Amino acid sequence: MEKKFEKVDCAICAANDTHEVSTKGQFDLPINLVLCKNCGLGYLNPRWDQNAYLDFYQNEYDKYYRSELTADFKLSPKSDNPILSRLGNWKHLPKTDSVKNILDIGSGAGQNLIDFKTQYPAANLFAIEPSPDSHKHLSSIGAKVISGDVDSDWDKNNEGKYEVVIMRHVLEHFLDPVAVMKKVHKVLAPDGLLYLAVPNNLKPSKNLESRWFRVVHTYYFNKSSLYNLFALAQLEILSVGEGDQINQQEIFLAARRAKRVLTPKIDRADFMKQRAIFEDQLTQENKFIPRLKRKINSLLN
Ligand SMILES: [Zn+2]
């Protein structure tokens, strides 16, 4: 399918004043990664349009990223779940009998839901997940798929329903993260808990252009941009971690509905900081790679 591109303004501050970071992404799929000069949010612009992404997730995503979803794939009945251990360390785990409904947005095959079910045996399990292969696994564990599309109106008739919402490495894939977080605010129970994790762009892995930058990652968050995004959705961050022994390149947090009105803190210094991290690393990596290519060529010839 021929992919169409669209232009977008900054999701946080609505500016369209950007600094170009890179046009190279993983698997040589084309990207246009920019930073908002006003607030520092990283995002793809122009990017594939909604139809192009939908087509990619339905027909190509599993081939690139979910090779474990083959015939002999088995969900593990018990695993050490980093979400449960991190929430436990923060003392944010809800009481066992207080959790009736758990929603995992971007659940994949449902491993997190299985692990939460061992902690909360009475809870009903729900998922938002586009992959048809994952749907089979989800129904086998008794989880109900409420939508295959996070941009649909799955929040309707689910106000205040979920005591726990999980979003593990999905926010960075979305086309409208503010709209999704507003829906999450709506469906969270008044004292419900949100766990969210995304790649931390202040501590990226090696090989930015062949690994870290990806066509499927439409947004590139850090602690400041997450705070601003959550403020727009009136979600209050309770605890945040930037890397631990489980994953050094991850930012993870616990949040709930804000009890007071939150406003974003737009600061150009956040742009300068993020730009320096990316550009210093790109300079290092692009110095090395051409040298390596020359060496390989000289060995081949
Ligand atoms: Zn911005």
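Every value quoted in this text rests on a predicted model; they were computed, and no experiment measured them. (Residues numbered from 1 in each chain as written. Predicted model: local features only at pLDDT ≥ 70, side-chain atom pairs only at ≥ 80, totals over all residues. Heavy atoms only, no water.)

## Quick notes on the sheet that holds strand S7 (residues 124-128)
Then, in step 1: In spatial order, the strands read S8-S7-S6-S9-S10-S13-S12; together these seven strands make up an open sheet with mixed pairing. Two strands close off the open sheet at either side, each with one partner strand: strand S8 (144-147) and strand S12 (235-242). Adjacent strand axes in the sheet meet at a mean angle of 20 degrees when their direction is disregarded.
Then, in step 2: Each of strand S6 (101-105), strand S9 (162-168), strand S10 (188-199), S12 and strand S13 (250-257) is contacted by helix H6 (residues 177-187), which is oriented at about 145 degrees to S10, the strand it contacts most.
Then, in step 3: Along the sheet face, helix H8 (residues 223-232) touches S10, S12 and S13 and points at about 165 degrees away from the line of S12. (Pairing = 2+ DSSP bridges. Helix = DSSP H or I, 4+ residues; strand = E, 2+ residues; numbered from the N terminus. Axes fitted to C-alpha atoms, helices over the stretch in contact; angles between N-to-C directions. Contact = heavy atoms within 4.5 Å.)

## Overview of the side chain of Asn158
Then, in step 1: Note on placement: Asn158 falls in the loop between S8 and S9.
Then, in step 2: Apart from the residues within four sequence positions on either side, Asn158 is in contact with Ile146, Lys186 and Val187.

## Concerning the nonpolar core
Then, in step 1: The biggest cluster of nonpolar side chains holds 40 residues, and the ones touching the most others in it are Ile105, Met167, Leu171, Met181, Val184, Leu194 and Phe230.
Then, in step 2: Contributions of two or more residues to this core are made by strand S3 (30-36), S6, S7, S9, H6, S10, H8 and S13.
Then, in step 3: Of all the elements, H6 adds the most residues to this core, at five residues.
Then, in step 4: Setting aside residues up to four positions removed in sequence, Val184 forms contacts with Ile105, Trp154, Val165, Met167 and Leu194.
Then, in step 5: Ranked by size, the runner-up nonpolar core spans 22 residues in total, among them Ile31, Leu35, Tyr220 and Phe278. (Core = buried A, V, L, I, M, F, W, Y, C linked by side-chain atoms within 4.5 Å. Buried < 20%, exposed > 50% of the residue type's maximum accessible area, 1.4 Å probe, protein only.)

## Considerations on the pattern of salt bridges
Then, in step 1: All told, the structure shown has 13 salt bridges when counted by the stated rule.
Then, in step 2: Notably, a salt bridge pairs Asp55 with Lys3, separated by 3.6 Å at the nearest N-O pair. Of this pair, Asp55 sits in helix H1 (residues 50-59) while Lys3 sits in the segment before strand S1 (5-6), placing them 52 residues apart in sequence. When sorted by exposure, Asp55 lands in the same class as Lys3, which is buried.
Then, in step 3: Note that Asp133 is salt-bridged to Lys136, the shortest N-O span being 3.6 Å. Note that Asp133 and Lys136 are positioned in helix H5 (residues 132-140) at a spacing of three residues, about one turn of the helix.
Then, in step 4: With a relative accessible area of 58%, Lys136 lands in the exposed category.
Then, in step 5: A single salt-bridge network, built from bridges that share partners, covers Lys3, Asp55 and Glu60. (Salt bridge = Lys/Arg side-chain N within 4 Å of Asp/Glu carboxyl O.)

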